[in-house]
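Observations on chain architecture
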Amino acid sequence: METKFQELKTRLLEVNDISAAAGLLHWDQSTYMPPGGAAARARQMATLGRLSHEKFTDPAIGKLLDALEPYQKSLPYDSDEASLLRLTRRRYERAIKIPAEFTAEVTNHTSESFQVWTEARPANDFERVRPYLEKTLEYSRQSANFFPGYDHIADPLIEPRDYGMKAADVKRVFAELRQELVPIVSAITSQEPADDSCLHQHFPEEKQLAFGLDIAQKFGYDMSRGRQDKTHHPFMTKFSLGDVRITTRTKENFLGDALFSTLHETGHALYEQGIRMDFEGTPLARGTSSGVHESQSRLWENIVGRSRRFWNHFYPQLQSAFPEQFGDVPIDVFYRAINKVERSLIRTNADEVTYNLHVMLRFDFELALLEGQLEIKDLPNAWRERFEADFGIVPPDDKDGVLQDVHWYFGLIGGSFQGYTLGNILGAQFFAAATEAHPEVPSEIENGEFQTLHDWLKENLYQHGSKYTAPEIVERATGTPLSIQPYMTYLRTKYGELYDLTG
Ligand code: ZN
């Protein structure tokens, strides 16, 4: 059994290495690659995608898994070996249903689509990407149909990102949340908006990057296993547990962009850096779901990074980094500015209160597109109408409307967005559990210390990687299944101090 288990691990390591190489090509494409490299890069990534798919779906892996089944059954459910076999089985059963040529075709298509999108978005030219997006929708449907027997066509697309949740579950959680959120959004946006002009001054790029990265390291981001580079659409990526990178973008006329996206990506990176080193190279060595991953980016970005206690400590440092810009700005003004709630166009810049409405809009469109209720050609208009209904404003163009997010232009349609809102909900749930276990966490944050919080998250969440599914880890770490209550309590408390929520 030992030999077979080792043989399986060796094969999985090869798959891991090929995927890591593809990840590095993607990182390079998004940071340093000149535009002229696009066509060859798309082909190279497709080749690696095909190779890793072939290696992973090799019938030899199936035979090893079959042979190891008695071994798996003899082990406790939560042993590392049983967990590795269980997860590998789940991924294998899924992967063998998708033909290798299909995966290569999709990889190739999405690379091209991404390149076209990077030019079409600034040009505000939806028509240019429309044929690509139509093809993407076709691929998305085909992909779902490799898994017949689903309740909803989006289920097989949600599964690899948020295993344990179906379209119906997400709809239920979103409906519950929407009911609570809409009155809060209305109450806040009917009041005098916060003055955030202090954030819209000139901030030299180098100083912005240095300040953000300094906080990232104070959170616990290990620079001997990480680095930061610039990109268009910030992301975190990992090539091994010893190389977990973040990317950011700066706007010299707005402080909020680089700072909070750095804290966001740092949250993702802390999760990956916190995984047990002995999981290296196995399928266990990554965050368990997009919702749980996003819970960490949102926890560090918002619950910590936009809190009053955090800035009680760090605002004087920000003032000394930017004395001309903040020397005369009282902390109250700054705090209100970074927590300004408004009906705005861009999801990634949206405040904590309206953010989820942006996600729900996209989630509903994904379902409608997959169901065939909505066609791609009608999407820009549908976007404007729904946006007006939800936010009371009409996007002036597609650039800041339907073209704003990379997801549909660099991947399939379906399952791409729910994780953000699940993350907001779970971030508050994890933070509440950490604070209940360690009531000193808030006062430590006020002293610029994050060790206790970081340790609790490592111990209860990060170290396990994908060993437990999202529903399992949420229950283990917090004692209850996913619940919107901690999140609503958090929002009501924080924004109740900033605004009159009684409406
Ligand atoms: Zn994120």
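Residues numbered from 1 in each chain as written. Predicted model: local features only at pLDDT ≥ 70, side-chain atom pairs only at ≥ 80, totals over all residues. Heavy atoms only, no water.

1. A closer look at the overall build of the protein
Scanning the protein from N- to C-terminus turns up 22 helices and three strands. The C-alpha radius of gyration of the protein comes to 23 Å, within 12% of the 23 Å expected for a compact globule of 503 residues. The C-alpha extent of the protein, read off along each of the three principal axes, is 70 × 50 × 45 Å. Residues counted as buried form 57% of the 503 residues belonging to the protein. For the protein, restricting intrachain contacts to residue pairs at least 6 apart in sequence, the fraction spanning at least 24 positions comes to 74%. As displayed, the protein has an accessible area near 20500 Å², and 51% of this comes from carbon and sulfur atoms. (Helix = DSSP H or I, 4+ residues; strand = E, 2+ residues; numbered from the N terminus. Rg over C-alpha atoms; globule rule 2.2 N^0.38 Å. Buried < 20%, exposed > 50% of the residue type's maximum accessible area, 1.4 Å probe, protein only. Contact = heavy atoms within 4.5 Å. Areas by Shrake-Rupley, 256 points an atom, 1.4 Å probe, with all protein chains shown as cover.)

2. Description of the coordination of the zinc ion
Every protein donor of the zinc ion is accounted for by His264 (NE2), His268 (NE2), Glu294 (OE) and Glu294 (OE), and the metal-donor separations fall at 2.1 to 2.7 Å. Bound by four donor atoms, the zinc ion shows angles of 50 to 123° at the metal and therefore irregular coordination geometry. Written as a sequence motif, the donor arrangement for the zinc ion is H-x3-H-x25-E. Of the two residues, His264 and His268 are both situated in helix H11 (residues 256-273); the distance of four residues between them amounts to about one turn of the helix. Note on His264: relative accessible area 10%, which makes it buried. (Donors = N, O, S within 2.8 Å, 3.2 Å for Na, K, Ca; no water. Tetrahedral: all angles 85-135°; square planar, octahedral: opposite > 155°, others 65-115°.)

3. Re the domain arrangement of the protein
Partitioning the protein into structural domains gives domain 1 (2-120) and domain 2 (167-496). Distance from the C-alpha centre of domain 1 to the C-alpha centre of domain 2: 27 Å. Contact residues are listed per partner, giving 32 residues for domain 1 and 32 residues for domain 2. A combined buried area of about 2500 Å² lies between domain 1 and domain 2, and 63% of that area is made up of carbon and sulfur atoms. Broken down residue by residue, the surface that domain 1 buries against domain 2 is led by Trp27, Asp80 and Trp117, which jointly contribute 26%. The tally of links from domain 1 across to domain 2 stands at three salt bridges. (Domains from an automatic or database assignment. Buried area = accessible area lost by both parts, 1.4 Å probe. Salt bridge = Lys/Arg side-chain N within 4 Å of Asp/Glu carboxyl O.)

4. Points about the pattern of salt bridges
This structure, assessed with the given rule, holds 44 salt bridges. One salt-bridge network, in which partners are shared between bridges, spans Asp66, Glu69, Lys73, Arg89 and Glu93.

5. Observations concerning the nonpolar core
Within the largest apolar cluster, 125 residues are counted, with the highest numbers of intra-cluster contacts made by Trp311, Phe326 and Phe334. Setting aside chain neighbours within four positions, we find Phe326 in contact with Cys198, Leu199, Phe203, Leu255, Tyr315, Leu318, Gln319 and Phe334. Membership of the second largest hydrophobic core comes to 20 residues, among which are Phe5, Leu65, Leu241 and Ala285. (Core = buried A, V, L, I, M, F, W, Y, C linked by side-chain atoms within 4.5 Å.)

6. Overview of the pairing of strand E2 (residues 236-240)
Note: E2 against strand E3 (residues 243-248), four bridges, orientation antiparallel. Residue Thr237 lies in a different strand from E3, and its bridge partner there is Arg245. (Pairing = 2+ DSSP bridges.)

7. Quick notes on the packing of helix H10 (residues 205-219) against H11
With their axes 9 Å apart at the nearest point, H10 and H11 run at an angle of 30° to one another. Taken together, the axes of H10 and H11 are roughly parallel relative to one another. When the axes of H10 and H11 are compared, the crossing they make is right-handed. Across the interface between the two elements, Gln208, Phe211, Gly212, Leu213, Ile215, Ala216 and Phe219 from H10 touch Ala258, Leu259, Thr262, Leu263, Thr266 and Leu270 from H11. (Axes fitted to C-alpha atoms, helices over the stretch in contact; angles between N-to-C directions. Parallel < 35°, antiparallel > 145°, perpendicular 65-115°, else oblique. Left-handed = near helix turned anticlockwise from the far one by under 90°.)

8. Brief notes about the packing of aromatic side chains
Tallied over the full model, the rule gives 32 aromatic pairs. For the ring pair Phe114 and Phe410, a centre distance of 4.7 Å and an interplane angle of 45° mean the geometry is tilted. One end of the pair, Phe114, is in helix H6 (residues 100-120); the other, Phe410, is in the loop between helix H17 (379-391) and helix H18 (418-437), with 296 residues separating them in the sequence. One aromatic cluster is present, formed by Phe203, Phe211, Phe219, Trp300, Phe310, Trp311, Phe314, Tyr315, Phe322, Phe326, Phe334 and Phe450 through successive ring pairs. In this arrangement the basic side chain of Arg86 is found over the ring face of Tyr77, its NZ or CZ atom lying 3.6 Å from the centre. Its guanidinium or amino end placed over the ring of Trp27, Arg245 lies 4.6 Å from that ring's centre, counting from NZ or CZ. (Phe/Tyr/Trp six-rings, centres within 6.5 Å; stacked < 30°, edge-to-face > 60°. Lys NZ or Arg CZ within 6 Å of the ring centre and 35° of its normal.)

9. A look at the pairing of E3
For E3, a buried count of six out of six residues is recorded, marking the element as mostly surrounded by other parts of the structure. One ladder, built from three bridges, connects strand E1 (residues 228-230) with E3; its direction is parallel. The partner of Gln228 across the bridge, within E3, is Ile246. The turn joining E2 and E3, which pair antiparallel and follow one another in sequence, is formed by two residues.

10. A word on the sheet that holds E1
With mixed pairing, three strands are arranged side by side in an open sheet as E1-E3-E2. Looking at strand neighbours, the two that pair on one side only are E1 and E2, the edges of this open sheet. This sheet shows a mean twist of 30° between the axes of neighbouring strands, independent of strand direction. In this fold helix H1 (residues 2-31) packs onto E1, E2 and E3, with an angle of close to 145° to the strand it touches most, E2. Against the sheet, H11 contacts E1, E2 and E3, and its axis sits at roughly 165° relative to E3.

11. Quick look at the side chain of Gln463
With respect to the helices and strands, Gln463 occurs in the loop between helix H20 (451-460) and helix H21 (470-478). Separated by 2.9 Å, the side chain of Gln463 and the backbone oxygen of Glu459 make a polar contact. With sequence-adjacent residues up to four places away left out, Gln463 is seen in contact with Gly274, Ile275, Arg276, Phe279 and Lys458. (Polar contact = N/O pair within 3.5 Å; in protein donor to acceptor, adjacent residues only side chain to side chain.)

12. Notes on unusual backbone geometry
Of note in this structure, Asn124 is not a glycine but carries a positive phi near 55°. Tracing the backbone shows Asn124 in the loop between H6 and helix H7 (126-145).

13. A short note on the environment of Leu259
Here Leu259 shows up in helix H11. Among the residues examined, Leu259 registers a relative accessible area of 4% and is labelled buried. A sequence separation of 115 residues divides Leu259 from Ala144, and the C-alpha atoms of the two residues are 38 Å apart. Excluding its chain neighbours within four sequence positions, the residues that come into contact with Leu259 are Phe211, Gly212, Ile215 and Trp311.

14. Topic: the environment of Leu255
One can find Leu255 in the loop between E3 and H11. Overall, the relative accessible area of 3% leaves Leu255 in the buried class. For the pair formed by Leu255 and Glu81, sequence separation is 174 residues and the distance between their alpha carbons is 47 Å. Not counting residues up to four positions away in its chain, the partners in contact with Leu255 are Leu199, Phe203, Gln208, Leu318, Phe322, Phe326 and Phe334.

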